[in-house]
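Residues per chain, in single letters:
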Amino acid sequence: MNELGLAAEPALATQMGILLPYLIVAGGGLLIMLVDSFARTPRNGNLYGVLVVVLVAAALAQAFPAVPRVSGTVLGGMLAQQPHTTFFNYLFLGIALLTATFAARPFGGEGGCRADFYPLLLFSDLGMMVLAAANDLLALYLGLETMSLAVYVLVGGRKGSIRSSEAGFKYLLLGGYASAFLLFGMALVFGFAGTTSFTGIREAMQAPGAESLLLALGG
């Protein structure tokens, strides 16, 4: 048990059980892209149906894991499995379902959003799930960018709308600048702690003299 209350990294089978909801959401996004490419029937109903199946499957995988789930880290400490990650996974899956339900009509018309709305919704949901489980600065950044890149397209994806295109472009510029500043801050933290792990950063901050160094960096 480490200082964050996480157990030692579980076996591979347990790790796959923990990662299964994330894999289902990621695979579901790719599946919807294939369904949209090959389906000949009205595609909005098809894509919405597949998205509901994917979200329900991910929720069931979270609720009834194939192997007993324990609190700990996976992927070499990149992601953490704790009660709060389970709560946020349910929350994000539910929000994605509500978003797709209420957006099905305006996004499904001929003049509406592009057909990639549903996979982008899943990929943004995946990024939020990774963010909630991040136990490392690199995992946090990957989750943030996975969510942000999908949302950039969703914001500017309304066909024929100048306001949507303008909003997407402005969001892209703002997100790019914010991402650069975030990476710069992460580089400073890595230089201070010598690691990107949250556990290692916490240990470095508790070392003697760490407060004065942090104040110097902040000044």
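Residues numbered from 1 in each chain as written. Predicted model: local features only at pLDDT ≥ 70, side-chain atom pairs only at ≥ 80, totals over all residues. Heavy atoms only, no water.

## Some words on the overall build of the protein chain
- Helices and strands together make up the secondary structure of the protein chain, namely 8 helices and 2 strands.
- Taken from N to C terminus, the helices and strands of the protein chain fall in the order α-α-β-β-α-α-α-α-α-α.
- Expressed as a percentage of its 219 residues, the buried residues of the protein chain come to 37%.
- The long-range fraction of contacts in the protein chain, counting pairs at least 24 apart against all pairs at least 6 apart in sequence, stands at 69%.
- Accessible surface, the protein chain as shown: approximately 12,000 Å² in total, 72% of it carbon and sulfur. (Helix = DSSP H or I, 4+ residues; strand = E, 2+ residues; numbered from the N terminus. Buried < 20%, exposed > 50% of the residue type's maximum accessible area, 1.4 Å probe, protein only. Contact = heavy atoms within 4.5 Å. Areas by Shrake-Rupley, 256 points an atom, 1.4 Å probe, with all protein chains shown as cover.)

## Details of the nonpolar core
- Core analysis: the largest hydrophobic core is formed by 29 residues, its most contacted members being Tyr22, Val25, Ile32, Leu51, Leu79, Tyr118 and Leu122.
- Going through the elements one at a time, helix 1 (12-38), helix 2 (43-63), helix 3 (83-108) and helix 4 (117-133) are the ones with two or more residues in this core.
- By size, the runner-up hydrophobic cluster in this structure holds 7 residues, among which are Met186, Phe192, Ala193 and Ile201. (Core = buried A, V, L, I, M, F, W, Y, C linked by side-chain atoms within 4.5 Å.)

## Digging into helix 4
- Here helix 4 contains 17 residues, and its C-alpha end-to-end distance of 25 Å stays within 8% of the 24 Å for a straight helix at 1.5 Å per residue.
- Taken across its 17 residues, helix 4 has 14 buried, putting it largely inside the fold. (Expected span 1.5 Å × (residues − 1).)

## What to know about the environment of Leu138
- Along the chain, Leu138 turns up in helix 5 (residues 137-155).
- Taking the relative accessible area as the measure of exposure, Leu138 reaches 48% and is therefore partly exposed.
- Between the alpha carbons of Leu138 and Leu183 there is a distance of 9.6 Å; along the sequence they are 45 residues apart.
- Once residues lying within four places of it in the same chain are set aside, the contact partners of Leu138 are Met78 and Thr196.

## Focus: the environment of Leu122
- Among the structural elements, Leu122 can be located in helix 4.
- The spatial distance from the C-alpha of Leu122 to the C-alpha of Leu55 is 8.5 Å, given a sequence separation of 67 residues.
- Excluding anything up to four places from it in sequence, Leu122 contacts Val25, Gly28, Gly29, Ile32, Leu51, Val54 and Leu55.

## With respect to helix 7 (residues 198-205)
- Buried within helix 7 we find Thr199, Gly200, Ile201 and Ala204.
- Residue Ser197 occupies the N-cap position of helix 7, its side-chain oxygen lying 3.3 Å from the main-chain nitrogen of Thr199. (Polar contact = N/O pair within 3.5 Å; in protein donor to acceptor, adjacent residues only side chain to side chain.)

## Describing the pattern of salt bridges
- Inspection of every chain in the model, using the stated rule, returns 1 salt bridge.
- Among the salt bridges present, the one from Glu166 reaches Lys170, with a minimum N-O distance of 2.6 Å. Here Glu166 pairs with Lys170, and both are found in helix 6 (residues 162-193), just 4 residues apart, close to one helical turn.
- With relative accessibility at 39%, the residue Glu166 sits in the partly exposed group. (Salt bridge = Lys/Arg side-chain N within 4 Å of Asp/Glu carboxyl O.)

## Here we look at the packing of aromatic side chains
- Tallied over the full model, the rule gives 4 aromatic pairs.
- Relative to Tyr118, the ring of Phe117 lies with its centre 5.0 Å away and its plane at 70 degrees, an arrangement referred to as edge-to-face.
- Classification of Phe117 as buried rests on a relative accessible area of 4%.
- Seen in terms of ring centroids, Tyr152 and Tyr171 are 4.8 Å apart; in terms of plane orientation they differ by 90 degrees. Their pairing is edge-to-face. Separated by 19 residues along the polypeptide, Tyr152 in helix 5 and Tyr171 in helix 6 bring together distant segments of the chain.
- Clustering of aromatic rings is evident, with ring pairs tying together Phe87, Phe88 and Phe92. (Phe/Tyr/Trp six-rings, centres within 6.5 Å; stacked < 30°, edge-to-face > 60°.)

## A short note on the side chain of Asn89
- With respect to the element layout, Asn89 can be found in helix 3.
- Given the relative accessible area of 0%, Asn89 is considered buried.
- Here Asn89 is in contact with Tyr22, Gln62 and Met129, once residues within four sequence places are set aside.

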